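# Commentary on secondary and tertiary structure
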Amino acid sequence: MRNVDFSPLYRSAIGFDRMASLLDAMTASEQKQPSYPPYDIELTGDDSYRITMAVAGFEESELDIQLEQNRLTVAGNKAEERAESKYLHRGIAARNFERRFQLADHVKVTDAKLANGLLHIELVREIPEAMKPRKIEISSGSLLQHGAAERKSDTAAA
């Protein structure tokens, strides 16, 4: 069990308290999550990702994908099996599951496909234009001159 102390972060960074609590919640939930079904998370581009889950034996109607407040939940509910089947060995896990993924801000699910026993969920990060980096021009002159010029332009506009 790992405990991480975020107090040095609080001393030098402002506004990251949400991230620290998110990391705490993620590590706590990860310890509780079962390892079934296995999955991969792949970086497919600069701002695109793919989650691939091995869901052999599940049909599309038995899988449910939901996105709520940056939390992606994938659940599989296997239909009841016929009682007439007799297995000598049962090695294919076909039990119900629920797997949760915490998504970063502005990450959206764009597609989901089931092929060859693998569920592929496509994700893309779309950062709004207002949040993208922009260059701030630096003007020369003193603050007093700049403030007076601003006031003069405000009164001229009115």
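For the structure given in this document, a descriptive report is provided here. Keep in mind it's a predicted model, so treat the numbers as computed, not measured.

Conventions used here
Along each chain, numbering runs from 1 in the same order as the chain's sequence is written. Residues qualify for local features only when their pLDDT is at least 70, as the model is predicted, and side-chain atom pairs are given and counted only at 80 or more; totals for whole chains, interfaces and linings, by contrast, use all residues. Excluding hydrogens and water, the side-chain values take into account all heavy atoms of the structure. Secondary structure counts use DSSP, requiring at least four H or I residues in a row for a helix and at least two E residues in a row for a strand, with both numbered from the N terminus. Definition of a polar contact: a pair of N or O atoms within 3.5 Å, with one able to donate and the other able to accept a hydrogen when the atoms are protein atoms, and with sequence-neighbouring residues admitted only if both atoms are side-chain atoms. The criterion for strand pairing is that DSSP finds at least two bridges linking the strands in question. Only the contacting stretch of a helix is used when fitting its axis, a line to C-alpha atoms as for every element, and angles between N-to-C directions run 0 to 180 degrees. Throughout, a residue-residue contact means that at least one pair of heavy atoms, one from each residue, lies within 4.5 Å. Side-chain atoms within 4.5 Å link the members of a nonpolar core, which is a set of buried Ala, Val, Leu, Ile, Met, Phe, Trp, Tyr and Cys residues. Three labels apply to residues, based on accessible area from a 1.4 Å probe with only protein chains included: buried if under 20% of the type maximum, exposed if over 50%, partly exposed otherwise in between.

## Some words on the environment of R100
The residue R100 is located in strand β5 (residues 97–102) in this model. Within the local environment of R100, its side chain forms a polar contact with the side chain of E98, the two groups lying 2.6 Å apart.

## Some details on the sheet that holds strand β6 (residues 107–115)
Judged by pairing direction, the sheet is antiparallel, and its 4 strands sit side by side in the order β1-β2-β7-β6 without closing on themselves. Here the strands that pair on one side only, and so sit at the sheet edges, are β1 (39–43) and β6. Sheet twist, expressed as the average angle between the axes of neighbouring strands with direction ignored, equals 20°. The pairing of β6 with strand β7 (residues 118–125) spans 8 bridges and is classified as antiparallel. Opposite D111, over in β7, you have E122 as the bridge partner.

## What about the pairing of β7?
Of the pairings in the sheet, the one linking strand β2 (residues 48–54) to β7 comprises 7 bridges and is antiparallel in character. Within β7, the residue paired with R50 across the bridge is E122. Between β6 and β7, which pair antiparallel one after the other, the connecting turn spans 2 residues, and N116 there sits at a positive phi close to 55°.

## Focus on the environment of R95
Looking at the secondary structure, you find R95 in the loop between β4 (71–76) and β5. In the structure, R95 is positioned 38 residues away from G57 in sequence and 9.6 Å away in space, judged by C-alpha atoms. Contacts of R95, omitting those with residues within four sequence positions, involve Y36 and F58.

## Focus: the side chain of E62
With respect to the helices, strands and loops of the structure, E62 is situated in the loop between β2 and β3 (63–68). Apart from residues lying up to four places away in sequence, E62 is in contact with G57, A75, G76, N77, K78 and A79.

## Points about the nonpolar core
Formed by 16 residues in total, the largest nonpolar core has its most connected members in M53, L72, V74, F97 and L123. Every element with two or more residues in this core is listed here: β2, β4, β5 and β7. What L72 contacts, discounting residues up to four positions off in sequence, is I51, I65, Q66, L67, R99, R100, F101, L103, V109, I121 and L123.

## Quick notes on unusual backbone geometry
In this model, H106 sits at a positive phi of 70°, which is unusual for a non-glycine residue. Residue class for H106 comes out partly exposed when judged on its relative accessible area of 27%. One non-glycine residue, N116, adopts positive backbone phi at about 55°. Here N116 shows up in the loop between β6 and β7.

## Some remarks on the sheet that holds β3
Strand pairing in a sheet is mediated by backbone hydrogen bonds. Such pairs are either parallel or antiparallel. Read from one edge to the other, the open sheet built from 3 strands follows the order β3-β4-β5, with strand pairing classed as antiparallel. On the outer flanks of this sheet lie β3 and β5, each paired with one strand and no other. For this sheet, the mean inter-axis angle between neighbouring strands, taken without regard to orientation, is 15°.

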